[in-house]
Amino acid sequence: MSNNDYNAFTIAFYNIENLFDIENDPLTNDDDFLPTSRKRWTPKRYQNKLLKLGTVISKIGEENTETAPVLIGLAEVENSKVVSDLVRSKNLINEGYSYVHYDSSDERGVDVALLYKSDVFKVENSETFSVYLQTELGYQDYTRDILLVQGKLNGETINVIVSHWSSRREGVKETEYKRLAAANVVNSIINKLNTEEKDAKIIVMGDFNDNPNCNSILLMEKESNLYNPFKTVWSRDKGSLNHNFQWNLFDQILFSTNFLDTNNSNLDFHSADVFNSKFLTQYHGKYKGQPFRTYVGKKYKGGYSDHFPVYIQLKTS
């Protein structure tokens, strides 16, 4: 419980590592996540994952606030059913979450979503924006859509952009153009928001598959005049995922600089961090301290996710 003399809202983002249901969707490549697949994605494993994720979400930022996050962006959800199962799971049902989710054309069938406490955040509008990418042969390369949710928090209109950008699987440099394309879509959304409302309050969260010092993130910061508190959170010993024993901070939350204006706002930026409590980590062995994953390749480990959540806290006046 908090001993602090301020009230704060926690706003979080969490890549939850392939939250798939156990049904076959003939339209997407979900065949790894079926009871009959090599991964043996059974009802029991699915329920275990829902319980584990619920535990994490309910605890993010708890050192400064009395409640679970008011907003949580999620990456790697298969469909509305899994998001609904998550908010109704045992460890989250009493938190009163609603959600916004749209299916996208992503080849793997994973999307982003936003959970929100409907008693605190009032949704006024939501829509998605696609990132148009082409393969070398000129075909469209389908990726996750970018989600925009607009609503009122503490009497102020907040615009929340949730995204999960293209991975680095084919190489960092080879795939950079995809993440720059996504950054440009975010910039155009923000440009539109700023023309509709002077001094719009904007939060951009996601798994960007790029670190705070990468061109795609710097492009958003510069073009859209965003502040990135995760620049100073990332270090040799801290990140949201670990690859080859190096910490990356692909998961970040940026926001418009008016959250830093303490005189004219009911919501002021207070802090940013990675939620990396010990229970989320591997306890032993050479991967000690890294995220405790659900799977490593095809091997079931029964953990939470291969990413840690990240969060910011906003003081309310």
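Counting from 1, residues in each chain are numbered in the order their sequence is written. pLDDT decides what is reported in this predicted model: residues at 70 or higher carry local features, side-chain atom pairs at 80 or more are listed and counted, and totals for whole chains, interfaces and linings draw on all residues regardless. Side-chain metrics in this entry use all non-hydrogen atoms of the structure; hydrogen atoms and water are not considered.

(A) Layout of the sheet that holds strand β3 (residues 97-101). A pair of strands is considered paired only if DSSP assigns at least 2 bridges between the two. Put simply, DSSP H or I for four residues or longer makes a helix, DSSP E for two residues or longer makes a strand, and each gets a number counted from the N terminus. Taking strand neighbours across the sheet as the criterion, the six strands line up as β3-β4-β2-β1-β16-β13 in an open arrangement whose pairing is mixed. Looking at strand neighbours, the two that pair on one side only are β3 and β13 (267-274), the edges of this open sheet. Pairs of neighbouring strands in the sheet enclose a mean axial angle of 20°, with direction left out of account. The pairing of strand β1 (residues 7-19) with strand β2 (residues 71-77) spans six bridges and is parallel. Bridge pairing links Y14 to L74 in β2. The contact criterion used is simple: two residues touch if any of their non-hydrogen atoms lie within 4.5 Å. Axes here mean lines fitted to C-alpha atoms, for a helix over just the part in contact, with angles spanning 0 to 180 degrees between N-to-C directions. Across the sheet, helix α1 (residues 43-59) is in contact with β1, β2, β3 and β4 (111-117); its angle to β1 comes to roughly 155°. Of the strands in this sheet, β1, β2, β3 and β4 touch helix α2 (residues 80-87), which is tilted by about 165° from β3.

(B) Layout of the pairing of strand β16 (residues 310-316). β16 sits mainly inside the fold: five of its seven residues count as buried. In the sheet, β1 pairs with β16 via seven bridges, with the strands oriented antiparallel. Within the sheet, the bridge partner assigned to A8 lies in β16 and is K315. Pairing of β13 with β16 involves seven bridges; the strand directions are antiparallel. Among the inter-strand pairings, L267 is bridged to a residue of β16, identified as T316. The buried label goes to any residue with under 20% of its type's maximum accessible area, the exposed label to any with over 50%, and the partly exposed label to all in between, with areas taken from a 1.4 Å probe on protein chains only.

(C) Inspection of the packing of α1 against α2 at higher detail. The contact between α1 and α2 brings their axes to 9 Å, and the two run at 60°. Viewed along their axes, α1 and α2 adopt a mutual orientation that is oblique. You can see that α1 and α2 cross each other, and the crossing is right-handed. Between α1 and α2, the residues in contact are Y46, L50, L53, G54 and I57 and K81, V82, D85 and L86, respectively. Following the grouping adopted for this structure description, the nonpolar residues are Ala, Val, Leu, Ile, Met, Phe, Trp, Tyr, Cys and Pro, the charged ones are Asp, Glu, Lys and Arg, and the polar ones are all others, Gly among them. A class-by-class count of the residues in the contact of α1 with α2 yields six nonpolar, one polar and two charged. Orientation categories follow fixed angle ranges, with anything under 35 degrees roughly parallel, anything over 145 roughly antiparallel, 65 to 115 roughly perpendicular, and all other angles oblique. Crossing chirality is assigned from the near helix's rotation relative to the far helix, an anticlockwise turn below a right angle marking it left-handed and a clockwise turn marking it right-handed.

(D) Quick look at the pattern of salt bridges. Any carboxyl oxygen of Asp or Glu that lies within 4 Å of a side-chain nitrogen of Lys or Arg is treated as forming a salt bridge with it. Following the criterion strictly, the structure yields 12 salt bridges and no others. In this structure, R179 engages D210 in a salt bridge whose closest nitrogen and oxygen atoms are separated by 3.0 Å. Highlighted residues: R179 in helix α3 (residues 172-196) and D210 in the loop between β8 (201-207) and α4 (215-224), separated in sequence by 31 residues. Between K238 and D273 there is a salt bridge, with the nearest N and O atoms lying 2.7 Å from each other. Of this pair, K238 sits in the loop between β9 (226-227) and β10 (241-243) while D273 sits in strand β13, placing them 35 residues apart in sequence. One salt-bridge network, held together by shared partners, links K81, D85 and R88.

(E) Here's a closer look at the packing of aromatic side chains. When the centres of two rings from Phe, Tyr and Trp lie within 6.5 Å, Trp using its six-membered ring, the rings pair. Their planes under 30 degrees apart give stacked, over 60 give edge-to-face, and anything left gives tilted. Under the defined criterion, the tally for this structure stands at 14 aromatic pairs. With a centroid separation of 6.0 Å and an interplanar angle of 55°, the aromatic rings of W41 and Y295 are classed as tilted. Pair noted here: W41 is in the loop between β1 and α1 and Y295 is in strand β14 (residues 295-296), with a separation of 254 residues, a long-range link. For the pair W41 and Y295, one class covers both residues: buried. Measuring from centroid to centroid gives 5.7 Å for F255 and F259, while their planes differ by 75°, and the two rings are edge-to-face. F259 gets classed as buried once you look at its relative accessible area, which sits at 1%. One aromatic cluster in this structure is built from W41, Y46, Y295 and Y300. Comment: the charge-over-ring label is applied if NZ (Lys) or CZ (Arg) is within 6 Å of the ring centre and within 35 degrees of the ring normal. The ring of Y300 is capped by R45, whose NZ or CZ atom sits 3.9 Å from the centre of that ring. Above the face of the Y304 ring, K52 is positioned so that its terminal group lies 5.6 Å from the ring centre.

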